[in-house]
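Spelled out from the first residue to the last, the chains are:
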Amino acid sequence: MLDAAEILKARILIVDDQKANVLLLEQMLRNAGYMHITSTMDPHAVCPLHLAHRYDLILLDLQMPDMDGFQVMEGLKEIETTGYLPVLVITAQPAHKLRALQAGAKDFVSKPFDLIEVQTRIHNMLEVRLLYQKLDNYNKILEQTVLERTAELRESEARFKSLTELSSDWYWEQDSQGKFTKISGPVIEMLGIATDDTSGVSGVAATGRWNEAERAQLNDNIANRRPFLDFVYSRTNADGTLQYLQVSGEPMFDSTSLFIGYRGIGMDVTDRMHHDQEERHLRGDTDKIVDSAD
């Protein structure tokens, strides 16, 4: 909503070829508390003035020599590209009222003036006009905010993707049914992802022999929507070698807290696991030698 001070700060232009009418309207507006009042008796000056000051309200006399109010409104339409003319026409001809509204004017007052009616119509028109401007400004701010937040989100996603690529071999997402919806990195080669032409990534193909206990624990985490960090599981490849994979994942929820799937990162840690096993074996052999020496 608007307070009275906002309306009284509105920019108003009075256009009338009769000086007595201009003085009367100026005095009435000043007595009502309006602070920014401009006037002209030259209809040719209206468009340049409005282009420079963008008035919130133009009190426009229709009957003026050389250039009437209808011609002035046609010129204003070229400035107000949104189609909104902040014009309240002044006329002594009842037949001109409908034509003025059809030409784009928002309201009218009749001559001779009823000052109470004129003040009321001016106040009401300014209130609508300023509320419209406030809504338009809010929409622009909202649109700009959305653009900024979208850019920030994209930048954040790019940083996240870059970090996951640096810290892992692959990135993955699954929907609520367990179907892979997004993969980045050698997931297909490492997990044997099966695909088809109609639905894209569809699941894990039967490549190698998985450690059933480890897979069951991983599947239990996912089924119960628990996050997991650096979970290691293994499989025996077709050539008899062991392959170790490490994954971290977290459940995803939408704005209504509805579960929509999982996302996470993974990497092949076979070399590391073999190195750790060799170190353990070496340490065990060393301990045996020390024990026998004792």
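Below, the discussion takes up the overall build of the protein. A tally of regular secondary structure across the protein gives nine helices and 13 strands. For the protein, the exposed surface amounts to about 17600 Å²; the carbon and sulfur share of it is 54%.

Before going further, it helps to examine the side chain of S234. Among the secondary structure elements, S234 is positioned in strand β11 (residues 228–236). Among the residues examined, S234 registers a relative accessible area of 5% and is labelled buried. The contact partners of S234, leaving out residues within four places of it in the chain, are W210, N211, E214, Q243 and Y244.

Before going further, it helps to spend a moment on the pairing of strand β5 (residues 107–110). Both strand β4 (residues 87–91) and β5 contribute to a ladder of four bridges, which runs parallel. Each residue of the ladder has a partner; that of L88, found in β5, is D107. Between the parallel elements β4 and β5, the chain passes through helix α5 (residues 94–102) in a crossover that is right-handed.

We now examine the packing of aromatic side chains. With the rule as written, the count across this model stands at six aromatic pairs. Between Y84 and Y132 the ring centres are 5.5 Å apart and the planes differ by 10°, which places this aromatic pair in the stacked class. Linking Y84 in the loop between α4 (69–79) and β4 with Y132 in helix α6 (residues 115–167), this pair joins segments that are 48 residues apart in sequence. Judged by relative accessible area, which is 14%, Y84 ranks as buried.

What counts, and where the lines are drawn
Residues numbered from 1 in each chain as written. Predicted model: local features only at pLDDT ≥ 70, side-chain atom pairs only at ≥ 80, totals over all residues. Heavy atoms only, no water. Helix = DSSP H or I, 4+ residues; strand = E, 2+ residues; numbered from the N terminus. Areas by Shrake-Rupley, 256 points an atom, 1.4 Å probe, with all protein chains shown as cover. Buried < 20%, exposed > 50% of the residue type's maximum accessible area, 1.4 Å probe, protein only. Contact = heavy atoms within 4.5 Å. Pairing = 2+ DSSP bridges. Right-handed = clockwise from strand over helix to strand, strands pointing away. Phe/Tyr/Trp six-rings, centres within 6.5 Å; stacked < 30°, edge-to-face > 60°.

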